Amino acid sequence: MNPYNSQISGDKGPQDFLGSKGILIGAAALLAYGITRRSKTSLALATAGGLLAATSLRSNGNSQAAHTRATFLVNTSPEKAYALWRDFSNLARFMRHVKSVEVLDDTHSEWVVRGPMDKEIRWYAEITEDVKNERISWRSRPDSLVQTSGSVEFRPHRAGRGTYVSATVRYTPGGTLSKTIATLLGKHPQFMVREDVRRFKALLEAGETPTTIGQSHGPRGVHGSVEQVLFRETGNLADPQAAQAYSKTA
Amino acid sequence: MKAVCWMGKENMQVHNVPDPTILNPRDAIIRITSTCICGSDLHLYDGYVPTMEQGDIMGHEFMGEVVEVGPGISRDKLKVGDRVVVPFTIACGNCPSCQDKLWSCCDNSNPNAWIAEKMMGYSPSGLFGYTHMLGGYAGGQAQYARVPFADIGPIKIPEGIPDEKVVFLSDIFPTGYMGAENCNIRPGDTVAVWGCGPVGQFAIRSCFMLGAGRVIAIDRVPERLAMARAAGAETLNFDEVDILEALREMTGNQGPDACMDVVGMEASGHGIVYAMDRAKQMMRASMDRPIVVRQAIIACKKGGTVSVPGVYASFIDNVPMGAYVNKGLTMKTGQTHMMRYMQPLLERIQRGDIDPSFVISHVLPIDQAPQAYKTFRDKQEHCTKVVLKPWDSAAAA
């Protein structure tokens, strides 16, 4: 297993969580959008749509557990990285789909996640492993509607150029909410975990996560609005408070 | 506020949009006093660079006065009332790239880094008023702008120096200077510079500052060639002479020690390969027309350096890799690492080594921006550089 790449267990790609039908519709939309736009992005989008359709037709659409991992080198010490992550109330600051995490006691927490139509999905999680400055693992409690687990490791760079932060997250679809969860959380698990760790790095290094949400712009029109969704900009939420761990070196 | 918005290919419009607000702790809001149209804006105007959104505010060369500062910025770094020039690259100051002074490669300033990673492997920094692949930040062709990481980028300008002398510290002077620095100039070297637009003009002057003996400037616009000659360059008009033959003759069959491509993806030229490039670009089968970089590789002296400050968007065809490898060339590139150059170049301006305002041909109120884009693109009215004044009314012009 190559620890530097995000991966999915089994031989299924992330698109399986949307189902091949969903992918086909999306692919067709991309293709149509790309062709009608007839401008700079058109070729790329139409091509992407075509590729997506081809990939989707090859896969058979059976859902499996998503297991995805992302590693970023962060210009900080394992101690600072561990401290920011270990306080689970910070997780909502860098996990795009997490609305809040309330810390109940030293090992238990309640997670609230953005669901469809802004509906909240809740579950309880417990910390299963906690090695100071090295590793934290957690999982949802067995009676939760959502079966998920995750872990994060902090390893110092050999030449002292920072800390490798590796996060692994698993979602097991199952139970009544499985379909909703799979669609909302699991449709791009690789993308999600990568962006979460990227934002964790930004919080530690820059004290905030970069965003353009809420900035001024001219009339977007239909094309501008579609492009915003295509570029996944709706998830780049601002972090209103500067991270405590951020040390101003510049 | 008024802002110049990209509404599609060759469609710039001035709209009234909401004033910007502080979104992150290290943001500042600048009231803009001068802002410019850059040659790289023309690539967006012509619709050649992907990932623009309709409604985007243009502009990455601007300066003004700080009117609001976020809670994450200490007063000794920046405060309300400071007069600043804002660099076009956005940098956090604390990531591994920033720590290496590779400011235009900041790890943390591009909220859409994933798009750039698909295309380039790893993402460079966010830019103002450019594509969403490079952040999609609202730009500075407006009355106000939000500046992220404002404790790192903006450089304070003392009173008494007019905007026109310092506003080009936001991009084109440092960009021309880094292009020259990337030429690895030794005293007496000969440098050939393709493109005598605004960046080319600063590149030519920077080559002489760095010790070049000769600069050979290549273009076809008479007033731009004249401007290059005024700086001491010898000039070649590619409509009139065979550039490769002329360079061979001028350098005694050696070739220039360094060749600089200050043109980029929308180069003009002659012949069948140019016609093919043009056709591919029109079909959108390729975004780039890489004539200059090909010619620079062929023209360059053995063991020499090819420096590319020109903008390219994606993949280029028919690069003479054989020549590049067999002649042992070095290529140096990059968006400008602005924070390396702004302070030293401000000092050069203050010392009187250079007055960057020589490049300005038009000063216009912001309402005239849509027409100014066309004038600049078509090189009409001897247009070399447009400075926009966001607070002047159209009637006053």
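Small disclaimer: the values here were computed from a predicted structure and weren't measured.

K.L.:
Report on the packing of helix H3 (residues 78-86) of chain A against helix H6 (residues 189-206) of chain A, specifying residues and quantitative values.
P.N.:
All names here are of chain A. Running from amino to carboxyl end, H3 crosses H6 at an angle of 120 degrees, the nearest separation of the two axes being 11 Å. It follows from the interaxial angle that H3 and H6 lie oblique. Once H3 is placed against H6, the crossing between them reads as right-handed. Counted together, Lys80, Ala81, Leu84 and Trp85 of H3 and Phe200, Leu203 and Leu204 of H6 form the full contact between these two elements. Its residues assigned to classes, the contact of H3 with H6 shows six nonpolar, no polar and one charged.

K.L.:
Summarise the pattern of salt bridges; cite the residues concerned and give the values.
P.N.:
If you walk through the whole model with that rule in mind, you get 36 salt bridges over all chains. Of the charged contacts in the structure, one is a salt bridge between Glu117 of chain B and Arg198 of chain A, with a shortest N-O distance of 2.8 Å. Of the two residues, Glu117 of chain B sits in helix H3 (residues 113-120) while Arg198 of chain A sits in helix H6, which places them in two different chains. As far as burial versus exposure is concerned, Glu117 of chain B and Arg198 of chain A are alike and both buried. Residue Arg220 of chain B is joined to Asp239 of chain B by a salt bridge in which the shortest nitrogen-to-oxygen separation is 3.2 Å. Of this pair, Arg220 of chain B sits in the loop between strand S12 (214-219) and helix H7 (222-230) while Asp239 of chain B is found in the loop between strand S13 (234-237) and helix H8 (243-250), placing the two residues 19 residues apart along the sequence. Classification of Arg220 of chain B by relative accessible area gives partly exposed; the value is 32%. Salt bridges linked by common partners bring Glu10, Asp46, Lys374, Arg377 and Asp378 of chain B together as one network.

K.L.:
Just give me the short version of the pairing of S13 of chain B, but keep the residues and values in it.
P.N.:
The side chains of a regular strand alternate between the sheet's two faces. For S12 of chain B and S13 of chain B, the ladder comprises four bridges, and the chain directions are parallel. For Ala217 of chain B, the partnering residue across the bridge sits in S13 of chain B and is Thr235 of chain B.

K.L.:
Talk me through the nonpolar core; I want residue IDs and the actual numbers.
P.N.:
Residues and elements named next belong to chain B. Phe168, Leu169, Val191 and Met260 are the most contacted members of the largest nonpolar core, which totals 98 residues. Of all the elements, helix H12 (residues 338-351) adds the most residues to this core, at seven residues. Three or more residues apiece are contributed to this core by two domains, here domain 1 (2-171 + 336-396) and domain 2 (176-333).

Rules of the game
- Residues numbered from 1 in each chain as written.
- Chains lettered and ligands numbered in written order.
- Predicted model: local features only at pLDDT ≥ 70, side-chain atom pairs only at ≥ 80, totals over all residues.
- Heavy atoms only, no water.
- Axes fitted to C-alpha atoms, helices over the stretch in contact; angles between N-to-C directions.
- Helix = DSSP H or I, 4+ residues; strand = E, 2+ residues; numbered from the N terminus.
- Parallel < 35°, antiparallel > 145°, perpendicular 65-115°, else oblique.
- Left-handed = near helix turned anticlockwise from the far one by under 90°.
- Contact = heavy atoms within 4.5 Å.
- Nonpolar A, V, L, I, M, F, W, Y, C, P; charged D, E, K, R; others polar.
- Salt bridge = Lys/Arg side-chain N within 4 Å of Asp/Glu carboxyl O.
- Buried < 20%, exposed > 50% of the residue type's maximum accessible area, 1.4 Å probe, protein only.
- Pairing = 2+ DSSP bridges.
- Core = buried A, V, L, I, M, F, W, Y, C linked by side-chain atoms within 4.5 Å.
- Domains from an automatic or database assignment.

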